[in-house]
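# Residue-level structural notes
Next come the chains, spelled out residue by residue.
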Amino acid sequence: MTHTAVISPLTCAVCVDPSGDDTLQRRAITLAEQLALPRAGASADHEVLLAVTRSGLQLRWLEPAGRPRRRDRRLSRGRPIDTDLTKIDATSGHGRSLRQPIARAVGITKGDPYRPTVIDATVGFGEDAWLLASLGCRVTAIERHPIVAAMLTDALCHAATRAPDIAERITLITADSRDVLATLDAADVIYLDPMFPPRRGSGLEPKRMRLLRRLVGDDTDAPALFNAARRVAARRVVVKRPLHAAALGDAAPTVTHKGKSMRYDAYSTRIGPV
């Protein structure tokens, strides 16, 4: 859900679980070098572990030193954060339905074999990119944060063994989306899912989203990315927003497709229906 290489607000180190697995150890060494991260144990200052496991990469929150804040205590409990794209429903009637708001928003209609090419410019952990690819779209997925991109790369490799036809439709790029948009040929649709505004009151975001926000920060440059997307998209820009949040851009959406807790604002970039 992010888009330039930035320094993480949190410190992170790479670990191996189980530690005695030589294959995982070699992979951890390579990963640490690629991401310029220390190995666990080399420093006592890291707050998050990027764990190399037999089932894939995981993010593990460490109990902060001293008296942790309430939200940090909650994050440090429970299961680690991983990404298993094959858990996304792409096979049931609902999962394959072209009446899903996201399908309608990008321009997929029943009875029409056309599938738009999509640039997911804020791909994050890749759930929406995987769903769009399962519906037949070719997706260029862009992620700016190197740790998140590494997790998604790993998840795509694992998912490709079970659903190679879906994985083949996704191309992952680790870069600033605005730089990429300036060099790629125009795609039919540019899809944006910037970090949602923080929730107020008692409602908490899911743990994976709270950790992602702590890891990468807020997408303060999302309006600039939206403006860049509108200059490039051949057909439309689609923005995923919380159901009652303000629109991302200054202009009103051409059409909005609503789900139960979120909506998809579509902005036409050509003359004709959306």
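Rules and cut-offs
- Residues numbered from 1 in each chain as written.
- Predicted model: local features only at pLDDT ≥ 70, side-chain atom pairs only at ≥ 80, totals over all residues.
- Heavy atoms only, no water.
- Helix = DSSP H or I, 4+ residues; strand = E, 2+ residues; numbered from the N terminus.
- Buried < 20%, exposed > 50% of the residue type's maximum accessible area, 1.4 Å probe, protein only.
- Contact = heavy atoms within 4.5 Å.
- Areas by Shrake-Rupley, 256 points an atom, 1.4 Å probe, with all protein chains shown as cover.
- Core = buried A, V, L, I, M, F, W, Y, C linked by side-chain atoms within 4.5 Å.
- Salt bridge = Lys/Arg side-chain N within 4 Å of Asp/Glu carboxyl O.
- Pairing = 2+ DSSP bridges.
- Axes fitted to C-alpha atoms, helices over the stretch in contact; angles between N-to-C directions.
- Parallel < 35°, antiparallel > 145°, perpendicular 65-115°, else oblique.
- Left-handed = near helix turned anticlockwise from the far one by under 90°.
- Nonpolar A, V, L, I, M, F, W, Y, C, P; charged D, E, K, R; others polar.
- Phe/Tyr/Trp six-rings, centres within 6.5 Å; stacked < 30°, edge-to-face > 60°.

Helices and strands together make up the secondary structure of the protein, namely 10 helices and 11 strands. Burial statistics for the protein: of 274 residues in total, 49% are counted as buried. Taking as baseline every contact in the protein between residues at least 6 positions apart, the subset at least 24 positions apart corresponds to 68%. In the form shown here, the protein has an accessible surface area of approximately 13,600 Å², with 51% of it arising from carbon and sulfur atoms.

Side chains of a nonpolar character, in soluble globular proteins, are inclined to be buried together. Judged by nonpolar contacts, the single largest core of 31 residues is most densely connected at Trp130, Val139 and Val238. Contributions of two or more residues to this core are made by helix H4 (101–106), helix H5 (127–134), strand S6 (138–143), helix H6 (146–160), helix H7 (164–167), strand S8 (189–192) and strand S11 (262–268). Apart from the residues within four sequence positions on either side, Val238 is in contact with Ala105, Val106, Val189, Ile190, Tyr191, Leu192, Tyr264, Asp265 and Ala266.

Now for the pattern of salt bridges. A side chain of one charge can pair with a side chain of the opposite charge when the charged atoms of the two come close. Following the criterion strictly, the structure yields 11 salt bridges and no others. A salt bridge links Asp154 to Arg27, with the nearest nitrogen and oxygen atoms 2.5 Å apart. Of this pair, Asp154 sits in helix H6 while Arg27 sits in helix H1 (residues 22–35), and the two are 127 residues apart along the sequence. Salt-bridge contacts for Arg263 lead to Asp265; the nearest nitrogen and oxygen are separated by 2.9 Å. Overall, the relative accessible area of 7% leaves Arg263 in the buried class. Overall, the relative accessible area of 1% leaves Asp265 in the buried class.

A few words on the sheet that holds strand S3 (residues 56–61). Overall, mixed pairing links the four strands, which are arranged S1-S2-S3-S4 in an open sheet. Of all strands in the sheet, those bounded by a partner on one side alone are strand S1 (12–17) and strand S4 (81–82). Looking at chain direction, S3 and S4 are connected through two bridges and run antiparallel. Paired with Leu59 across the strands is Ile81, a residue of S4. With respect to the sheet, H6 is in contact with S1, strand S2 (48–53), S3 and S4, its orientation differing from that of S3 by roughly 145°.

Turning next to the pairing of S6. Consecutive side chains along a regular strand alternate between the two faces of the sheet. Here strand S5 (residues 117–120) runs beside S6; their pairing, made up of four bridges, is parallel. Opposite Val118, over in S6, you have Val139 as the bridge partner. Sheet analysis places S6 next to strand S7 (residues 170–174), joined by five bridges and oriented parallel. Note that in S7 the partner of Ala141 across the bridge is Leu172.

This part is about helix H9 (residues 207–216). Judged by how many residues are buried, H9 sits mostly within the fold: nine of 10 residues are covered. Within H9 the residues assigned to the buried category are Lys207, Met209, Arg210, Leu211, Leu212, Arg213, Arg214, Leu215 and Val216. Just downstream of H9, Gly217 is the residue with a positive phi angle, here 85°.

Next up on the list: the packing of H1 against H6. As a packed pair, H1 and H6 sit with axes 10 Å apart at the nearest point and diverge in direction by 140°. With respect to their mutual orientation, H1 and H6 come out oblique. The element H1 and its partner H6 pack so that their crossing is right-handed. Here Arg27, Leu31 and Leu35 of H1 come into contact with H6, specifically with Pro146, Ile147, Ala150 and Asp154. Of the residues belonging to the contact of H1 with H6, the class tally is five nonpolar, no polar and two charged.

Within this structure, the stated rule accounts for one aromatic pair. Seen in terms of ring centroids, Phe226 and Tyr267 are 4.9 Å apart; in terms of plane orientation they differ by 70°. Their pairing is edge-to-face. Of this pair, Phe226 sits in helix H10 (residues 222–232) while Tyr267 sits in strand S11; the two residues are 41 residues apart in sequence, bridging distant segments of the chain. Take Phe226 and Tyr267: they sit in the same class, and that class is buried.

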